[in-house]
Amino acid sequence: MMQDGRPEPRLTDIAVLKPGTMPGLIERYNGERVMSLTANVQGITLGEAARDLRTAIGQAGVPPRGVSVSFRGQIPPLEQTISGLRTGLLLAILVIFLLLAANFQSFRLALAIILTIPAVLCGVLLMLRLTGTTLNIQSFMGAIMAIGIAVANSILLVSFAERFRREGRPLFEAAREGASSRLRAILMTATAMIFGMVPMAIGMGEGISPSEPLGRAVIGGLLVSTFATLTILPSIYAIIQRGASITSASLNPMDPASRYYDAK
């Protein structure tokens, strides 16, 4: 009782008590209310998990107004890295083409050499498919390594074929001689690299297992590209160089092969 004789107010007079639930943790990111859903990935790769998550989010329907869904954790860095490697690979191919065009002073020869790159990529994808390996950062690095070796072998073959053509030999004979004269060098380079990657590809040794995709990508790319370089590239060279002039495109008057050569 209060001093004036009135009863003391009770909580039940102004409120109703009943069981309820509330979040045990309220998260905010840059002042914005967020709700995080986390899970461990087991038995699948991070890329497969990201694909499954996007499928599940799409099946859930359009989010309510004012609500957005975004990925955090390891998925965004993985996607940025893969995108950067993809862009870097395309830029590397473009730079190689321009350097070859400047070196040979011919866009035709540069194109003939660049056309061996699809064979490398086909070999990489085929090997990854046969071994059940995913396309990841390591396999991307292996593809880049295989492209470098395949381009070097193609340059070797095309350089000798072009030299034979400029010496006056028929086009098809020059292409055949370019392949046969560099057969040993190309096979030695590819074989040494392939056998060097075998331990890595099968996971022999401590700490090598994460690099298995790199070794498998290099082996697959070199197997197909070497076959393409020795069998298909001479035909591509003969087709592209059909009707090409023997005179060098050089403007240097000090170059004996240039039409502007001045013996004085």
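For the structure itself, look to the data block above.
For every chain, the first residue of the written sequence is number 1, and numbering continues from 1 onward in sequence order. Only residues with pLDDT of 70 or above have their local features reported here, since the model is predicted, and side-chain atom pairs are shown and tallied only from 80 upward, although totals for entire chains, interfaces and linings are computed over all residues. Just so you know, side-chain values use all the structure's heavy atoms and leave hydrogens and water out.

1. Side note on the overall build of the protein
Reasoning step 1: A run of DSSP states H or I qualifies as a helix once it reaches four residues; a run of E qualifies as a strand once it reaches two. Both are numbered from the N-terminal end. A count of helices and strands for the protein gives 10 helices and two strands.
Reasoning step 2: Its helices and strands taken in sequence order, the protein reads α-β-β-α-α-α-α-α-α-α-α-α from the N to the C terminus.
Reasoning step 3: Put simply, the protein has 264 residues, and 29% of those count as buried.
Reasoning step 4: Whether two residues touch is decided by their heavy atoms; if any such pair falls within 4.5 Å, the residues are in contact. Across the protein, contacts joining residues at least 24 apart in sequence account for 65% of those joining residues at least 6 apart.
Reasoning step 5: Split by element, the accessible area of the protein, about 17800 Å² in all, is 62% carbon and sulfur. Note on exposure labels: buried denotes an accessible area under 20% of the residue type's maximum, exposed denotes more than 50%, and partly exposed covers the range between, all computed with a 1.4 Å probe on protein chains only. We get accessible surface area from the Shrake-Rupley algorithm with a probe of 1.4 Å; when it comes to residues, only the shown protein chains can shield them.

2. Side note on the pattern of salt bridges
Reasoning step 1: Salt bridge, as used here, is a side-chain nitrogen of Lys or Arg placed within 4 Å of a carboxyl oxygen of Asp or Glu. The final tally for this structure, using the stated rule, is six salt bridges.
Reasoning step 2: Residues Glu79 and Arg54 are paired through a salt bridge, measuring 2.6 Å at the closest nitrogen-oxygen approach. Separated by 25 residues along the polypeptide, Glu79 in helix H3 (residues 75-104) and Arg54 in helix H2 (residues 46-59) bring together distant segments of the chain.
Reasoning step 3: Classification of Glu79 by relative accessible area gives partly exposed; the value is 35%.
Reasoning step 4: Given the relative accessible area of 39%, Arg54 is considered partly exposed.
Reasoning step 5: Taking the shortest distance from any N to any O, the salt bridge between Glu162 and Arg165 comes out at 2.7 Å. Placement of both Glu162 and Arg165 in helix H6 (residues 137-166) is noted, with a separation of three residues, approximately one turn of the helix.

3. Let's talk about the environment of Leu222
Reasoning step 1: Tracing the backbone through its elements, the reader meets Leu222 in helix H9 (residues 212-231).
Reasoning step 2: Sequence spacing of Leu222 and Ala143 is 79 residues, and the spatial spacing of their C-alpha atoms is 9.3 Å.
Reasoning step 3: In contact with Leu222, other than residues within four places in its own chain, are Ala146, Ile149, Ala150, Ala190, Met193 and Ile194.

4. A closer look at the environment of Ser68
Reasoning step 1: Note that Ser68 resides in the loop between H2 and H3.
Reasoning step 2: Here the alpha-carbon distance between Ser68 and Val34, two residues 34 residues apart in the chain, equals 9.5 Å.

5. Considerations on the side chain of Ser139
Reasoning step 1: Topologically, Ser139 is positioned in helix H6.
Reasoning step 2: When neighbours within four sequence positions are excluded, Ser139 is seen to be in contact with Leu128, Thr134, Pro213, Leu214 and Ala217.

6. Brief notes about H3
Reasoning step 1: Every helix has an expected span of 1.5 Å times one less than the residues it contains. For H3, which comprises 30 residues, the first-to-last C-alpha distance of 43 Å matches the rise-based estimate of 44 Å (1.5 Å per residue) to within 8%.
Reasoning step 2: For H3, the elements touching its buried residues are H2, helix H4 (107-114), helix H5 (117-131) and H6.
Reasoning step 3: Just past H3, the residue Gln105 takes up positive phi, approximately 55°.

7. Some thoughts on the layout of surface pockets
Reasoning step 1: Cavity means a closed set of points on a 1 Å grid over the protein atoms alone, one where a 1.4 Å probe fits but cannot get out, pocket means an open set with protein on both sides within 12 Å along at least 5 of 7 lines, and lining means a residue has an atom within 4 Å of a point. Grid points are joined across faces, edges and corners, and a volume is the space filled by probe spheres set on the points. In this structure, the largest pocket occupies an estimated 1300 Å³ of space.
Reasoning step 2: Forming the walls of the largest pocket are 38 residues, and the residues nearest its centre are Met35, Ser36, Leu37, Val69 and Ser70.
Reasoning step 3: For the lining of the largest pocket, the secondary structure elements donating two or more residues are strand S1 (27-29), strand S2 (32-34) and H2.
Reasoning step 4: When residues in the lining of the largest pocket are grouped by element, the largest group, six residues, is from H2.
Reasoning step 5: Three classes are used, and their members are as follows: Ala, Val, Leu, Ile, Met, Phe, Trp, Tyr, Cys and Pro are nonpolar, Asp, Glu, Lys and Arg are charged, and the others, Gly among them, are polar. Residues of the lining of the largest pocket, tallied by class, amount to 23 nonpolar, 10 polar and five charged.
Reasoning step 6: Put simply, the second largest pocket is a space of about 380 Å³.
Reasoning step 7: Lining the second largest pocket we find 16 residues, and of these Gly47, Glu48, Leu78, Ile82 and Leu135 sit closest to its centre.
Reasoning step 8: Elements with a contribution of two residues or more to the lining of the second largest pocket: H2, H3 and H6.
Reasoning step 9: In terms of residues, the lining of the second largest pocket owes the most to one element, H2, which gives six residues.

8. Re the packing of aromatic side chains
Reasoning step 1: Centres within 6.5 Å make a pair out of two Phe, Tyr or Trp rings, where for Trp the six-membered ring is used; the pair is then stacked when the planes are under 30 degrees apart, edge-to-face when over 60, and tilted otherwise. Following the criterion strictly, the structure yields two aromatic pairs and no others.
Reasoning step 2: When the ring of Phe160 is compared with that of Phe164, the centres are 6.4 Å apart and the planes differ by 65°; the resulting orientation is edge-to-face. A residue pair is termed a helical-turn pair when its members lie 3 or 4 positions apart in one helix, as Phe160 and Phe164 do in helix H6 at four residues.
Reasoning step 3: The ring of Tyr29 carries Arg72 above its face, with NZ or CZ at 4.5 Å from the centroid. Distance and angle both matter: a charge sits over a ring if NZ of Lys or CZ of Arg is within 6 Å of the ring centre and within 35 degrees of the ring normal.

9. A word on H2
Reasoning step 1: Between its terminal C-alpha atoms H2 stretches 20 Å, which fits the 20 Å expected from 14 residues at 1.5 Å a residue.
Reasoning step 2: Just downstream of H2, Gly61 is the residue with a positive phi angle, here 100°.

10. Some points on the side chain of Thr229
Reasoning step 1: Mapped onto the elements of the fold, Thr229 is located in helix H9.
Reasoning step 2: Taking the relative accessible area as the measure of exposure, Thr229 reaches 1% and is therefore buried.
Reasoning step 3: Under this definition, polar contacts are N or O atom pairs within 3.5 Å; protein pairs additionally need one hydrogen-donor-capable and one acceptor-capable atom, and for neighbouring residues in sequence, both atoms have to be side-chain atoms. Only 2.7 Å separates the side chain of Thr229 from the backbone oxygen of Ser225, close enough to count as a polar contact.
Reasoning step 4: Apart from the residues lying within four places of it in its own chain, the contact partners of Thr229 are Thr116, Asn153, Ser154, Leu157, Ile186 and Pro234.

All quantities given are derived from atomic positions and should not be read as evidence of function.
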